[in-house]
Amino acid sequence: MRPGLSTARAHRASARRRATRRHIPCGNWVSSVRSMVPVWERIGRTTMQGTQVALESNTFFLIIEYIAILCCGMVGGLSAIRKGYDLFAILITAWLTALGGGIIRDVMLGAVPPVGISDRGFVFTALASGILVAVIHPEVDKLKWLMTTFDAIAVGMFAVNGTEKAMLYGTSGMTAVFMGMFTALAGGLIRDMLINEVPVVIRDKHWYAVPSAVGCVATVFVCKGVQAGVINQTAEIVIDVCVVVLVVAMRLLSVKFNLMLPGAVERHHTYLPGGRR
């Protein structure tokens, strides 16, 4: 072999290596970047993405959740109709009422994109509720007790699901309670702020936030039991259903029998050091 030929081949091989470094294929580049992410972090994300809360792992309860989303959206859309807003405003109000709490929860947990914009079933159900209530709003307005019942079911299910999802993401019990309450109550809070109303969580003197708080705290104890191996999956679903029933019962009983939390202590005299009474 001639010396010049081997030198030329060496130059060509070197040029190919330089070109490869300058033009890395997209797939190889992505693989290289992914390889720099710690393995435990990738495994953790995959585990969280593939995990479901207990009530969402059962088809029956998933159907109930869709019904709850539908009813929440109809309540929100009805509020916009009473204000005389157009169809677009009705749809936005229905969507935010039904899914706004879950969106806030997922953003705070870092579970992005939130289910309120990524789950087609949830989004289409919420938008369908706005269209439906725009047509049948006179009938819905008459069914106050039925809508109150479904709203209570939605509050109970959202409280349990929101708390469980927060616990699955490794939050503390206290944080999970707040996440669960955001899921259950924030949609109505956003709705009332949009239509310039005092939020129902403050305006309604009957038990509204209190049942959801009780449900969230109870769910934290259930999750702790599951983590400790004391409660299996079947028992977890049964207990979660009992918690939802408890939340619904507390809400409906407070409306039926006009049960309210006490307000500030009524006083007519002041007691200050060195002052008159």
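In this text the structure is predicted, and so the values were computed from the model without any measurement.

Cut-off values and rules
For every chain, the first residue of its written sequence is number 1, and the numbers climb from 1 along that sequence. Given that the model is predicted, a residue must reach a pLDDT of at least 70 before its local features are reported, and side-chain atom pairs must reach 80 or more before they are shown or counted; all residues, however, enter totals for whole chains, interfaces and linings. Note that the side-chain values use all heavy atoms of the structure and ignore hydrogens as well as water. Under the scheme used here, helices are H or I runs from DSSP no shorter than 4 residues and strands are E runs no shorter than 2 residues, and both carry numbers assigned from the N terminus. The span you would expect from a helix comes to 1.5 Å times its residue count less one. We count a salt bridge whenever a side-chain nitrogen from Lys or Arg sits within 4 Å of a carboxyl oxygen from Asp or Glu. Only the contacting stretch of a helix is used when fitting its axis, a line to C-alpha atoms as for every element, and angles between N-to-C directions run 0 to 180 degrees. Angular relationships are summarised with four words: roughly parallel below 35 degrees, roughly antiparallel beyond 145, roughly perpendicular across 65 to 115, and oblique for the angles in between. Here a crossing is called left-handed whenever its near helix is offset anticlockwise from the far helix by less than a right angle, and right-handed whenever the offset is clockwise. Only heavy atoms matter for contacts: two residues are in contact if any of them lie within 4.5 Å across the pair. In this count, Pro and Cys sit with the nonpolar residues alongside Ala, Val, Leu, Ile, Met, Phe, Trp and Tyr, while Asp, Glu, Lys and Arg are called charged and the others, Gly among them, polar. Note on terminology: a nonpolar core comprises buried Ala, Val, Leu, Ile, Met, Phe, Trp, Tyr and Cys residues joined through side-chain atoms within 4.5 Å. Burial classification: accessible surface area is computed with a 1.4 Å probe over protein chains only, and a residue below 20% of its type maximum counts as buried, one above 50% as exposed, and the rest as partly exposed. Like charges within 9 Å and nonpolar side chains (Val, Leu, Ile, Met, Phe, Trp, Tyr) within 5 Å are joined into patches, using only residues over 30% in relative accessible area that form no salt bridge. A 1.4 Å probe and the Shrake-Rupley method give the accessible areas. Residues count as covered only by the protein chains that appear here. Stacked, edge-to-face and tilted labels apply to pairs of Phe, Tyr and Trp rings (six-membered ring for Trp) whose centres lie within 6.5 Å, assigned for plane angles under 30 degrees, over 60, and everything in between, in that order. Across the chain, each position has a pLDDT score giving the predictor's confidence in that residue, from 0 to 100.

### Quick look at helix 5 (residues 87–109)
Here's step 1: Here helix 5 contains 23 residues, and its C-alpha end-to-end distance of 32 Å stays within 8% of the 33 Å for a straight helix at 1.5 Å per residue.
Here's step 2: Among the residues trailing helix 5, G110 stands out with phi positive, at a value near 80°.

### Remarks on helix 4 (residues 59–82)
Every α-helix winds through 3.6 residues per turn, so residues three or four apart in the chain are directed the same way.
Here's step 1: With 24 residues, helix 4 extends 35 Å from end C-alpha to end C-alpha; this agrees with the ideal 34 Å at 1.5 Å per step.
Here's step 2: In the segment just after helix 4, G84 is the residue with positive phi, at about 80°.

### Side note on the pattern of salt bridges
Here's step 1: Tallying each qualifying case throughout the model produces six salt bridges.
Here's step 2: Each of R105, D106 and K165 takes part in one network of salt bridges that share partners.

### A closer look at the packing of helix 8 (residues 144–168) against helix 12 (residues 233–256)
Between two packed helices, both the angle of their axes relative to each other and the distance between the axes serve to describe the pair.
Here's step 1: The interhelical angle for the contact between helix 8 and helix 12, taken along N-to-C directions, is 140°, at an axis separation of 9 Å. With respect to their mutual orientation, helix 8 and helix 12 come out oblique. For the crossing formed where helix 8 meets helix 12, the hand is right-handed. On helix 12, the residues that touch W145, T148, T149, A152, I153, V155, G156, M157, V160 and E164 of helix 8 are E236, D240, V243, V244, V247, V248, R251, L252, V255 and K256.
Here's step 2: Across the contact of helix 8 with helix 12, the residue classes tally to twelve nonpolar, three polar and five charged.

### Concerning the nonpolar core
Soluble globular proteins tend to pack their nonpolar side chains together in the buried interior.
Here's step 1: In terms of nonpolar packing, the biggest core is built from 26 residues, with I69, A98, L99, F158 and A184 touching the most fellow members.
Here's step 2: Of all the secondary-structure elements, those providing two or more residues to this core are helix 4, helix 5, helix 7 (120–142), helix 8, helix 9 (173–194) and helix 11 (209–227).
Here's step 3: Looking at this core, the element that brings in the most residues is helix 8, giving six residues.
Here's step 4: Not counting chain neighbours up to four residues away, the residues in contact with F158 comprise E65, I69, C72, A98, G180, T183 and A184.
Here's step 5: Within the second largest apolar cluster, nine residues are counted, among which are C71, L78, I81 and V133.

### Topic: a nonpolar patch on the surface
Here's step 1: A cluster of nonpolar side chains, contributed by M108, M174, F178 and F182, occupies part of the molecular surface with about 430 Å² of accessible area.
Here's step 2: Of the residues forming the nonpolar patch, the biggest block, three residues, is contributed by helix 9.
Here's step 3: Within the element layout of this structure, F182 appears in helix 9.
Here's step 4: On the basis of relative accessibility, which here comes to 30%, the residue F182 falls in the partly exposed class.

### As for the packing of helix 5 against helix 8
Here's step 1: Two elements in contact, helix 5 and helix 8, have axes separated by 11 Å at closest approach and are oriented at 10°. The pairing of helix 5 with helix 8 is recorded here as roughly parallel in orientation. Residues A98, R105, D106 and L109 of helix 5 lie in contact with helix 8, whose contacting residues are F158, G162, K165 and A166.
Here's step 2: For the contact of helix 5 with helix 8, the residue count by class is four nonpolar, one polar and three charged.

### Things to note about the environment of R191
Here's step 1: Mapping R191 onto the fold places it in helix 9.
Here's step 2: A relative accessible area of 7% places R191 in the buried class.
Here's step 3: When the C-alpha atoms of R191 and A80 are compared, they prove to be 8.7 Å apart, with 111 residues separating the residues in sequence.
Here's step 4: Ignoring any residue separated from it by four or fewer positions in sequence, one finds R191 in contact with V75, G76, S79, T93, T97 and V200.

### A word on the packing of aromatic side chains
Here's step 1: For the structure shown, the criterion picks out one aromatic pair.
Here's step 2: Aromatic pair Y66 and F122: ring centres 5.2 Å apart, planes at 65°, arrangement edge-to-face. Of this pair, Y66 sits in helix 4 while F122 sits in helix 7; the two residues are 56 residues apart in sequence, bridging distant segments of the chain.
Here's step 3: Overall, F122 belongs to the buried group, its relative accessible area being 7%.

### Details of the confidence of the model for the chain
Here's step 1: Averaged over all residues, the pLDDT of the chain equals 82, while 78% of them reach at least 70.
Here's step 2: Residue range residues 1–5 is modelled with pLDDT below 50. Its contacts to residues more than four positions away, or to other chains, number two contacts.
Here's step 3: The low-confidence segment residues 19–50 (pLDDT under 50) makes eight contacts with residues lying over four places distant or belonging to another chain.

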